[in-house]
Amino acid sequence: MLHNLISKFDDKIEGASAHCDIPCGIYDARIVTYYAVSTLRQMDILLGLKDKGLSDTAFAMQAARNTAKKEEMAENTKHQTRIIWGDFMKGDKLKKHPNAHELAHNIMLAASACKQDLHREDGVKLVDACNEFAEVFWDMKGIKTKKVVCPYEPKVEVVEPDL
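Residues numbered from 1 in each chain as written. Predicted model: local features only at pLDDT ≥ 70, side-chain atom pairs only at ≥ 80, totals over all residues. Heavy atoms only, no water.

## A closer look at the packing of helix α3 (residues 56-88) against helix α6 (residues 120-140)
Between α3 and α6, the shortest axis-to-axis distance is 12 Å and the interhelical angle comes to 25 degrees. In terms of their interaxial angle, α3 and α6 are classed as roughly parallel. In this structure, α3 meets α6 at a crossing whose hand is left-handed. Seen from α3, the contacting residues are Thr-77, Thr-81, Ile-84, Trp-85 and Phe-88; seen from α6, they are Leu-126, Cys-130, Phe-133, Phe-137 and Met-140. Looking at side-chain class alone, the contact of α3 with α6 contains 8 nonpolar, 2 polar and no charged residues. (Axes fitted to C-alpha atoms, helices over the stretch in contact; angles between N-to-C directions. Helix = DSSP H or I, 4+ residues; strand = E, 2+ residues; numbered from the N terminus. Parallel < 35°, antiparallel > 145°, perpendicular 65-115°, else oblique. Left-handed = near helix turned anticlockwise from the far one by under 90°. Contact = heavy atoms within 4.5 Å. Nonpolar A, V, L, I, M, F, W, Y, C, P; charged D, E, K, R; others polar.)

See the structure below:
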């Protein structure tokens, strides 16, 4: 009944559109970089476990927790990249940066490699891809960037807006 009532107004109401599911307009590539750095950090922790002298049980428990977190952070990197790529990087913004699709795809591949195995170079590759993605993102917003070393382990260089 309610549908019948509302449908009578269909031709009188202008269509609405939004660039995302909830049109907040807040996009920030720093979240992508944050998750990539977190993935690399978990990889470093896992790679250092053998040197900690843990019992077999403690090693297994620590490895399980950090592996789960590593994979969660890599998946979050992919998720946040998809949001920015799908909802923000479109239309005229792509004219200046037609490589945005390839950058997003490279992040997907690098994050998947981090989930599949434990090679630090895959984590570094993920951070590098996210930094390149961030440079493009901020340029699309007309904001200059700078590279800074993050103040926590793994103390890698990340792209930040120069505000």
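## A few points about the packing of aromatic side chains
Throughout the structure, instances matching the rule amount to 4 aromatic pairs. Measuring from centroid to centroid gives 5.6 Å for Tyr-27 and Phe-88, while their planes differ by 40 degrees, and the two rings are tilted. Note that Tyr-27 is positioned in the loop between α1 (2-7) and α2 (30-48) and Phe-88 in helix α3, a separation of 61 residues in sequence. Note on Tyr-27: relative accessible area 9%, which makes it buried. Take Phe-88: its relative accessible area is 8%, and that puts it in the buried class. Here the aromatic rings of Phe-137 and Trp-138 are separated by 4.7 Å at their centres, their planes lie at 80 degrees, and the arrangement is edge-to-face. With a relative accessible area of 0%, Phe-137 lands in the buried category. (Phe/Tyr/Trp six-rings, centres within 6.5 Å; stacked < 30°, edge-to-face > 60°. Buried < 20%, exposed > 50% of the residue type's maximum accessible area, 1.4 Å probe, protein only.)

## Observations concerning the nonpolar core
Ranked by internal contacts, the top residues of the largest apolar core, which has 33 residues, are Ile-84, Met-89, Leu-126, Phe-133 and Phe-137. Where this core is concerned, the elements lending two or more residues are α2, α3, α5 (100-116), α6 and β2 (157-161). Sorting elements by how many residues they give to this core places α6 first, with 10 residues. When residues no more than four places from it in sequence are discounted, the contact partners of Leu-126 are Ala-36, Thr-39, Thr-77, Ile-107, Ala-110, Ala-111 and Cys-114. (Core = buried A, V, L, I, M, F, W, Y, C linked by side-chain atoms within 4.5 Å.)

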